[in-house]
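Each chain, written out:
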Amino acid sequence: MTNDINSSDTTIFQLGGDLPVRRVGYGTMRLADAPGDPTGPEARIWTAPADRAAAVALLRTAAEAGVTLFDTADAYALGAGEELLAEALHPYGEGVAVATKVGVVRPSPTEWVPLGHPAYLRQQAELSLRRLRTERIDLLYLHRLDENVPVAEQVGALKRLQEEGKVRHIGLSEVTVEQLTEAEATAPIAAVQNLYNLAAREHDPVVDHTAGRGIAFVPFFPVAMGGHAGPDGPVARVARELGATPSQTALAWLLHRAPHVLPIPGTSSAAHLVENLGALDLALTEEQFDRLGAAAGS
C-alpha cells in the first residue's frame, strides 16, 4: 500500500518508517456481538455483528472521514471481524492500512488463550490473508506472547512471513520494555499495542522506550477515562476550555503525549467516530496536558 498523505503533517505517523497513517485510527473490536453484551475488558467479541449492513456502512464512513489505520484480529468473532473489514473496504485503496493479530485461541466466549507455536501463528496468518482478501498484511501483531514458547520462535514465525512478502510490518501487543527488547533481537518491531489511557498509565515506560526507537505506540481502550471523567472532573473542565468533548480531550492528551502515539478508539456510532477524529484538530497547552495527567494519576 502507498499513501500520498502529506508526510510533514503532524497528524501523520510513518508506521515502520514507510507507511503513513493518520494518528487516530479505528479499532473494530466493538463491531462484534449484539447490543447489551459486555463491553470493555469483559467484552466477549464472539459473534458477527447483529446488524451487518450497519457495521459495513460504519467502516466505509470511517474511511471516507479520513481514517487510514483499521485494527482487527483473527480472534475477534473467530475471524468474522476480518471478514467484515474485507466486505466493507476491499479492494483496499491507497488510503487504507489494515492491522490484524494472531496468537490467541478462543475455545469459548470468555477465554482468550495465548498460543505462540510457530506453526499455529503461520497458519493463522494464512487464514487472515484469505479472510482479508489480500496478499500482504500491512501490520501483523503477535496478539499476546505465549510464555510456553521462546520469544525468538514466536517473532521468528512472523519474520518468515515478512521475508515471504506476506507481512509488511510486525507488531506486538501487551508487552513490557524487556519483552520488546527481546523480540527486537529477532526482527524489527514497527508497533506496540498496549492498554493505555489517561487513567491506565502502567505502560509509560513502553511509551518512552518506543518513542526513542521510532516504534508506533498504539493505545487500545484509549478513552477509558475512569472516575475523574465525571461532568465536574478535570477532563470535562479542560474540554470546556477547548470547546471540545471529554472523549476528544482524552484522545488529544494521548496525541500530545508523544508524536508516535496512535490511539485506535472503537465505536459503533458514526457520530462518535467523527467526534473521535476531531481530536486531531485539538491542541492542548502544556499546562492543560500536565493538569490532566496529574489529576488522572492521583
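For the structure, see preceding data.
Here is a short report on the structure shown in this document. Note that this is a predicted model, so its numbers are computed, not measured. (Residues numbered from 1 in each chain as written. Predicted model: local features only at pLDDT ≥ 70, side-chain atom pairs only at ≥ 80, totals over all residues. Heavy atoms only, no water.)

Let's talk about empty space enclosed by the protein
Piece 1. Scanning all chains against the criterion turns up 1 cavity of 30 Å³ or more.
Piece 2. Every residue lining the largest cavity is listed: Thr-28, Met-29, Leu-31, Ala-32, Pro-49, Leu-59, Tyr-76, Ala-77, Ala-80, Gly-81, Leu-84 and Leu-85.
Piece 3. Counting residues per element, the lining of the largest cavity draws most heavily on helix α2 (residues 80–89), at 4 residues.
Piece 4. Per-class residue counts for the lining of the largest cavity are 10 nonpolar, 2 polar and no charged. (1 Å grid on protein atoms, 1.4 Å probe; cavity = no way out; pocket = protein on both sides within 12 Å on 5 of 7 lines; lining within 4 Å. Points joined across faces, edges and corners; volume = space filled by probe spheres on them. Helix = DSSP H or I, 4+ residues; strand = E, 2+ residues; numbered from the N terminus. Nonpolar A, V, L, I, M, F, W, Y, C, P; charged D, E, K, R; others polar.)

A few points about the packing of helix α3 (residues 118–132) against helix α4 (residues 151–163)
Piece 1. Two elements in contact, α3 and α4, have axes separated by 9 Å at closest approach and are oriented at 35°. Here α3 runs over α4; the crossing is right-handed. Here Pro-118, Leu-121, Arg-122 and Ala-125 of α3 come into contact with α4, specifically with Glu-153, Gln-154, Ala-157, Leu-158, Arg-160 and Leu-161. (Axes fitted to C-alpha atoms, helices over the stretch in contact; angles between N-to-C directions. Left-handed = near helix turned anticlockwise from the far one by under 90°. Contact = heavy atoms within 4.5 Å.)

As for the packing of aromatic side chains
Piece 1. All chains considered together, the criterion is met by 6 aromatic pairs.
Piece 2. A centroid spacing of 5.4 Å and a plane angle of 85° characterise the contact between Tyr-196 and Phe-217, whose relative ring orientation is edge-to-face. Of this pair, Tyr-196 sits in the loop between β10 (191–195) and α6 (204–211) while Phe-217 sits in strand β11 (residues 216–220); the two residues are 21 residues apart in sequence, bridging distant segments of the chain. Exposure class is identical for Tyr-196 and Phe-217. Each is buried.
Piece 3. Aromatic pair Trp-253 and Phe-289: ring centres 5.2 Å apart, planes at 15°, arrangement stacked. (Phe/Tyr/Trp six-rings, centres within 6.5 Å; stacked < 30°, edge-to-face > 60°. Buried < 20%, exposed > 50% of the residue type's maximum accessible area, 1.4 Å probe, protein only.)

Points about unusual backbone geometry
Piece 1. A cis amide bond links His-90 to the next residue, Pro-91, at an omega of 0°.
Piece 2. Positive phi is not limited to glycine here, since Ile-45 has a value of about 50°.
Piece 3. Mapped onto the fold, Ile-45 is located in the loop between β3 (26–27) and α1 (52–65).
Piece 4. Its identity as a non-glycine residue notwithstanding, Phe-221 has a phi of 50°, on the positive side.
Piece 5. Following the sequence through the fold, Phe-221 ends up in the loop between β11 and α7 (234–242).

A few points about the pattern of salt bridges
Piece 1. Counted under the stated rule, the structure contains 13 salt bridges.
Piece 2. The partner of Arg-168 in a salt bridge is Asp-18, and the shortest N-O contact between them spans 3.5 Å. Note that Arg-168 is positioned in strand β9 (residues 167–173) and Asp-18 in the loop between β1 (12–15) and β2 (19–22), a separation of 150 residues in sequence.
Piece 3. With relative accessibility at 12%, the residue Arg-168 sits in the buried group. (Salt bridge = Lys/Arg side-chain N within 4 Å of Asp/Glu carboxyl O.)

Side note on the sheet that holds β11
Piece 1. Read from one edge to the other, the open sheet built from 7 strands follows the order β3-β4-β5-β8-β9-β10-β11, with strand pairing classed as parallel. Each edge of the sheet is formed by a strand with only one pairing partner; in this case those strands are β3 and β11.
Piece 2. Relative to β10, β9 runs parallel, the two being bridged by 3 bridges. Counted as the bridge partner of Gly-171 is Ala-191 from β10.
Piece 3. The sheet contacts of α4 involve β5 (97–102), β8 (137–142) and β9, and relative to β9 the element is tilted by about 160°. (Pairing = 2+ DSSP bridges.)

Side note on the layout of surface pockets
Piece 1. Here the largest pocket is characterised by a volume of approximately 1,100 Å³.
Piece 2. If you go around the largest pocket, you meet 47 residues; those closest to its centre are Met-29, Arg-30, Ala-43, Ile-45 and Phe-221.
Piece 3. Contributing elements (two or more residues each) for the lining of the largest pocket: α1 and β10.
Piece 4. By residue number, the principal contributor to the lining of the largest pocket is α1, which donates 3 residues.

No statement about biological role is implied by the geometric values presented.
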